[in-house]
Amino acid sequence: MSCVLEVVVEHGGGDERIFRDLYPRLRRFAAVVGPVEEDPDDLVQEALMRTLRKRRLTDLESPERYLQTVIVRVASNQRRALGYRRRLVQRLAPATEAPPSFPSDLTELFRLPAHVRAVLYLVEVEGWSFRAAAEVAGCSEGAARARASRGLRQLRVQLSEERT
């Protein structure tokens, strides 16, 4: 957090206080939404940097929702880039036998797209309304409900297949 906080302090104003208050929640959110390979602090820092280039946190109506929206978008971009790199490495690497993998419930969760994980986290863990989660995910309330429903259904199917 210290590196991120230096950026906020450099920016000045009341942004530091706002960020200190939001940081723990933003980090948890980034850990759920971001790719497994990505450090949540890096996601929060990237979202903060992108936000501060355009405006101050004190100028935002809801800094937490705004930063969460940016985190979802950054996570989606990173996930896409990581997928591209994985496919490239697979094509270039010699064929070898893969080590055995032992799936976990988190593995199944991270197979869901970032925008679905964001809605599920905000609604199921944080207790947000679908309307509020939809604002962060950048979709309508109906789309947020559909994403959550499909995501939960997909998790149930994956977990039930794993048990049999």
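What counts as what
- Residues numbered from 1 in each chain as written.
- Predicted model: local features only at pLDDT ≥ 70, side-chain atom pairs only at ≥ 80, totals over all residues.
- Heavy atoms only, no water.
- Salt bridge = Lys/Arg side-chain N within 4 Å of Asp/Glu carboxyl O.
- Helix = DSSP H or I, 4+ residues; strand = E, 2+ residues; numbered from the N terminus.
- Core = buried A, V, L, I, M, F, W, Y, C linked by side-chain atoms within 4.5 Å.
- Buried < 20%, exposed > 50% of the residue type's maximum accessible area, 1.4 Å probe, protein only.
- Contact = heavy atoms within 4.5 Å.
- Polar contact = N/O pair within 3.5 Å; in protein donor to acceptor, adjacent residues only side chain to side chain.
- Axes fitted to C-alpha atoms, helices over the stretch in contact; angles between N-to-C directions.
- Parallel < 35°, antiparallel > 145°, perpendicular 65-115°, else oblique.
- Left-handed = near helix turned anticlockwise from the far one by under 90°.
- Nonpolar A, V, L, I, M, F, W, Y, C, P; charged D, E, K, R; others polar.

S.K.: I'm lost on the pattern of salt bridges in this one. Help?
M.R.: Pairing of side chains with opposite charge becomes possible as their charged atoms draw close. If you walk through the whole model with that rule in mind, you get eight salt bridges. Across the salt bridge formed by E141 and R131, the nearest N and O atoms sit 3.6 Å from each other. One end of the pair, E141, is in helix α8 (residues 141-163); the other, R131, is in helix α7 (residues 130-137), and 10 residues separate them in sequence.

S.K.: How should I be thinking about the nonpolar core in this particular structure?
M.R.: Nonpolar side chains in soluble globular proteins generally cluster together in the buried interior. Grouped together as the largest cluster of nonpolar side chains are 42 residues, with contacts concentrated most on F29 and L57. Mapped onto this core, the elements with two or more residues apiece are α2 (15-33), α3 (40-54), α4 (63-92), α6 (114-125), α7 and α8. L57 has contacts with D15, I18, F19, L48, T51, L52, P63 and L67, leaving out every residue within four places of it along the chain.

S.K.: Please clarify how the environment of E126 should be interpreted in this entry.
M.R.: Position of E126 among the secondary structure elements: in the loop between α6 and α7. Residues E126 and R25 lie 101 residues apart in sequence; the distance between their C-alpha atoms is 9.6 Å. What E126 contacts, discounting residues up to four positions off in sequence, is R28 and Y121. One polar contact links E126 to Y121, side chain to side chain, over a distance of 2.7 Å.

S.K.: Just to check I follow, could you spell out the environment of Q45 for this structure?
M.R.: Tracing the chain through its elements places Q45 in helix α3. Expressed as a C-alpha distance, the spacing of Q45 and I71, which sit 26 residues apart in the sequence, is 9.2 Å.

S.K.: Explain the packing of α2 against α3 to me, please; I cannot follow it from the model alone.
M.R.: The description of two helices packed together rests on the angle between their axes and the distance between the axes. Axis separation between α2 and α3 bottoms out at 9 Å; the angle between their running directions is 135°. On the basis of the axis angle, α2 is oblique to α3. Seen from above, α2 lies across α3 with right-handed handedness. Contacts from D15, F19, Y23, L26, R27, A30 and A31 in α2 reach P40, D41, L43, V44, L48 and L52 in α3. Residue composition of the contact of α2 with α3, grouped by class: 10 nonpolar, no polar and three charged.

S.K.: How should I be thinking about the side chain of T69 in this particular structure?
M.R.: Inspection of the secondary structure puts T69 in helix α4. Classification of T69 by relative accessible area gives buried; the value is 11%. A polar side-chain atom of T69 sits 2.9 Å from the main-chain carbonyl oxygen of R65. Setting aside residues no more than four positions away along its own chain, T69 makes contact with E135 and V136.

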